[in-house]
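Each chain, written out:
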Amino acid sequence: MSPPVAPPGWSRWLVPPAALSVHLSIGQAYAWSVFKPPLESALDLSGTQSALPFQLGIVMLGLSAAFGGTLVERHGPRWAMTVALICFSSGFLLSALGAAAGQYWLIVLGYGFVGGIGLGIGYISPVSTLIKWFPDRPGMATGIAIMGFGGGALIASPWSAQMLKSFGTDNSGIALAFLVHGLTYAVFMLLGVLLVRVPRPRERADGRPAPLEGVQVSARSAVRTPQFWLLWIVLCMNVTAGIGILEKAAPMITDFFSDTSTPVSVTAAAGFVALLSAANMAGRFGWSSASDLIGRKNIYRVYLGVGALMYTLIALFGDSSKPLFVLCALVVVSFYGGGFATAPAYLKDLFGTYQVGAIHGRLLTAWSLAGVLGPLIVNWIADHQEEAGRHGSALYGTSFLIMIGLLVVGFVANELVRPVHARHHQPATPTQQEGNDVTRPQPESA
C-alpha cells in the first residue's frame, strides 16, 4: 500500500482529524478499569488477573511500536492505520468470544496481545506525517493527535459503563459490549484510513525532488547516539512519576484524607479520576504547543523540575489541604501527558524527519518499562507499609521520595542532551526525500 499523496490544494488541517480518529479509538485502553469488576465477578478473577489484559496491552504497545516503527515509515500512515484498525478491532472481537465462552485466556490474547499491537502501530501511525505537514509547529501538531489518546477514556468510560448497564454484567453482557466496541471502533478508525494524506514532495527547478533540509539521522543510527538514550531516560522517568499517581488515583486520595475530619467519598474520588483524565488530555495539547514557543529542552525542564516540586509539596503538605493535593496531582499528570506529546517534536529537533516515526517507536519502549515500574513502586510500597501497621498518607511517603529522585535523574539526563554529532547524520539525497514522502525510504544502513 503506497502512502496516499495529497493533491494540489489539499488542506493540511484535514490530517489532524484523521490522526484523532485513530487516537481517540485506541485511547479506550485507559478505560479498561470499567471492565475489571464485571470480569472479576463473571469469571471469578482476582484484581491482579483482571488487570492482565491492560498490562499486556501496554507492553505490546511499546514493543510493537519499536519493531514496527520502520515498517510504518516504509509503508506510510494509511498502511499503519489499517493494521491498527485490524488488530485493535480484532482484539475486541476475540475478547467477545472469550467472554461468551468463559475463556479468560482469549480475552488476554485478544485485548492484550492482538489489541496491544494495534495500540502500538496506531499510536505512532500519524506522527511523522503530522511533523511533515506542520514543520513550523510540530509540538502542536503531534499534541493534537496524542491528546486523543489521553482523552479517549473520557468517551469510552461512560460509554462502556452504559453498555454494561444495558447489556448486563454477566458473560453474555460483557461479550456483547466487547463486540460493539470492536465494530464501532473499526468504523471510526476507517475514517482516518480514508482521510490521511502525506504532503507532496518539494521539487527543485528541474522537477526532481528536493533534498531533506537540516540534520537527518536514520533510526538505526539514532539508537547508537547518547541523545536517544538520554531522551529514553527522560521519558521513562517522566512517565513513571505520572503513572504512579494516575494508576492509583482513587484509593490514593481516599487514603490521604481517611484520618481527617473530611474524608473523601467514593463519588468524589471518581470525580478526581475524571479531573486527572482531563489534565492528561489538556497537557498533551497545551504543554506540547508551548514547547514550540519555549523549546523542547526548556519544556522538559518544566515537566521534570516542577514535577519534582509538586511531588515534594504533596509529600510534605498534601494530607493537610485537599486543594493543594488535587492541584499538584493535576499538574503532575498534565506533565505526564505533555511528555508523551512533546517527545516526537524533540526527536524531530535532534534527528530530523527522515525516520522520526521509527525512532519514536523505539523510544516508546521507555513507556513499556515505566508502565510496569510506576504502579509497582506505588502499590508494592503501599502494601508493605500497610502490613507494617501504617495508614493514611504514610502509605505513600517512601514512594513519593522515589518519584522525586527519578524526576531529578530525568532532569539531569535532559540537561546532558546536546546536538547529534555529524558522524551520525544521513546524507540528504533526492532519492531519500522521494522515498520518505512518496514510496519507500532507502534502507536504514544506507
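Since we're looking at a predicted model, the values are computed, not measured. (Residues numbered from 1 in each chain as written. Predicted model: local features only at pLDDT ≥ 70, side-chain atom pairs only at ≥ 80, totals over all residues. Heavy atoms only, no water.)

1. Looking at the packing of aromatic side chains
A complete count under the given rule lists 31 aromatic pairs for this structure. Ring centres of tryptophan 13 and phenylalanine 134 lie 4.9 Å apart, and the angle between their planes is 70°; this geometry places the pair in the edge-to-face category. Linking tryptophan 13 in the segment before helix H1 (15-26) with phenylalanine 134 in the loop between helix H7 (127-133) and helix H8 (138-167), this pair joins segments that are 121 residues apart in sequence. The class of phenylalanine 134 is buried, set by a relative accessible area of 0%. A centroid spacing of 6.0 Å and a plane angle of 20° characterise the contact between phenylalanine 256 and phenylalanine 400, whose relative ring orientation is stacked. Here the residue phenylalanine 256 occupies a position in helix H12 (residues 249-256), and phenylalanine 400 occupies one in helix H18 (residues 397-415), the gap between them amounting to 144 residues. Neither phenylalanine 256 nor phenylalanine 400 differs from the other in exposure class; each is buried. Each residue in the set Trp32, Phe35, Phe88, Phe92, Tyr111, Trp159, Phe178 and Tyr185 is aromatic and connected to the rest through ring pairs, giving one cluster. (Phe/Tyr/Trp six-rings, centres within 6.5 Å; stacked < 30°, edge-to-face > 60°. Helix = DSSP H or I, 4+ residues; strand = E, 2+ residues; numbered from the N terminus. Buried < 20%, exposed > 50% of the residue type's maximum accessible area, 1.4 Å probe, protein only.)

2. Quick notes on unusual backbone geometry
The phi angle at aspartate 44 is positive, at roughly 55°, despite the residue not being glycine. The topology assignment puts aspartate 44 in the loop between helix H2 (36-43) and helix H3 (47-50).

3. Some remarks on the packing of helix H4 (residues 52-75) against helix H6 (residues 104-124)
Two numbers describe how H4 lies on H6: the axes approach to 6 Å, and their chain directions differ by 40°. Relative to H6, the element H4 is oriented oblique. Two packed elements cross with a definite hand, and for H4 against H6 that hand is right-handed. Contacts between H4 and H6 pair Leu52, Pro53, Phe54, Leu56, Gly57, Met60, Leu61, Ser64, Ala65, Gly68, Gly69 and Val72 from the former with Tyr104, Ile107, Val108, Tyr111, Gly112, Phe113, Gly116, Ile117, Leu119, Gly120, Ile121 and Ile124 from the latter. Among the residues forming the contact of H4 with H6, the class breakdown is 17 nonpolar, seven polar and no charged. (Axes fitted to C-alpha atoms, helices over the stretch in contact; angles between N-to-C directions. Parallel < 35°, antiparallel > 145°, perpendicular 65-115°, else oblique. Left-handed = near helix turned anticlockwise from the far one by under 90°. Contact = heavy atoms within 4.5 Å. Nonpolar A, V, L, I, M, F, W, Y, C, P; charged D, E, K, R; others polar.)

4. Let's talk about empty space enclosed by the protein
Under the definition given, this model contains four cavities of 30 Å³ or more. Roughly 40 Å³ of volume is contained in the second largest cavity. Considering the residues around the second largest cavity, the lining is formed by Asn238, Ala241, Gly242, Tyr303, Gly307, Tyr311, Val332, Phe335, Tyr336 and Leu407. (1 Å grid on protein atoms, 1.4 Å probe; cavity = no way out; pocket = protein on both sides within 12 Å on 5 of 7 lines; lining within 4 Å. Points joined across faces, edges and corners; volume = space filled by probe spheres on them.)

5. Concerning the domain arrangement of the chain
Taken domain by domain, the chain holds domain 1 (12-195) and domain 2 (219-421). The C-alpha centroid of domain 2 is placed 22 Å from the C-alpha centroid of domain 1. Listed by partner, the interface residues are 31 residues for domain 1 and 32 residues for domain 2. Both faces combined, the contact of domain 1 with domain 2 buries some 2600 Å², and carbon together with sulfur accounts for 71% of it. Linking domain 1 with domain 2 are zero salt bridges, by the criterion used here. Between domain 1 and domain 2 we count twelve residue pairs in polar contact (both at pLDDT 80 or more) in total. A class-by-class count of the residues in the side of domain 1 that touches domain 2 yields 19 nonpolar, nine polar and three charged. (Domains from an automatic or database assignment. Buried area = accessible area lost by both parts, 1.4 Å probe. Salt bridge = Lys/Arg side-chain N within 4 Å of Asp/Glu carboxyl O. Polar contact = N/O pair within 3.5 Å; in protein donor to acceptor, adjacent residues only side chain to side chain.)

6. A look at the pattern of salt bridges
Tallying each qualifying case throughout the model produces six salt bridges. As a salt-bridge pair, arginine 12 and aspartate 136 come within 3.2 Å of each other at their nearest N and O atoms. Separated by 124 residues along the polypeptide, arginine 12 in the segment before H1 and aspartate 136 in the loop between H7 and H8 bring together distant segments of the chain. A residue is classified by how much of its surface remains accessible, and arginine 12, at 22% relative accessible area, is partly exposed. Exposure remark for aspartate 136: the relative accessible area of 47% places this residue in the partly exposed category. The salt bridge partner of arginine 301 is glutamate 415, with a shortest N-O separation of 2.6 Å. Note that arginine 301 is positioned in helix H14 (residues 296-317) and glutamate 415 in helix H18, a separation of 114 residues in sequence. According to the relative accessible area criterion, arginine 301 is partly exposed, its value standing at 30%. The structure contains a network of salt bridges with shared partners spanning Arg12, Asp136 and Arg137.

7. Considerations on the packing of H14 against H18
The contact between H14 and H18 brings their axes to 9 Å, and the two run at 165°. Judged by the inter-axis angle, H14 sits roughly antiparallel to H18. At the point where H14 passes H18, the crossing takes the left-handed sense. Contacts from Lys297, Tyr300, Arg301, Leu304, Gly305, Gly307, Ala308, Tyr311, Thr312, Ile314 and Ala315 of H14 reach H18 at Phe400, Met403, Ile404, Leu407, Gly410, Phe411, Asn414 and Glu415. Grouping the amino acids of the contact of H14 with H18 by side-chain chemistry returns eleven nonpolar, five polar and three charged.

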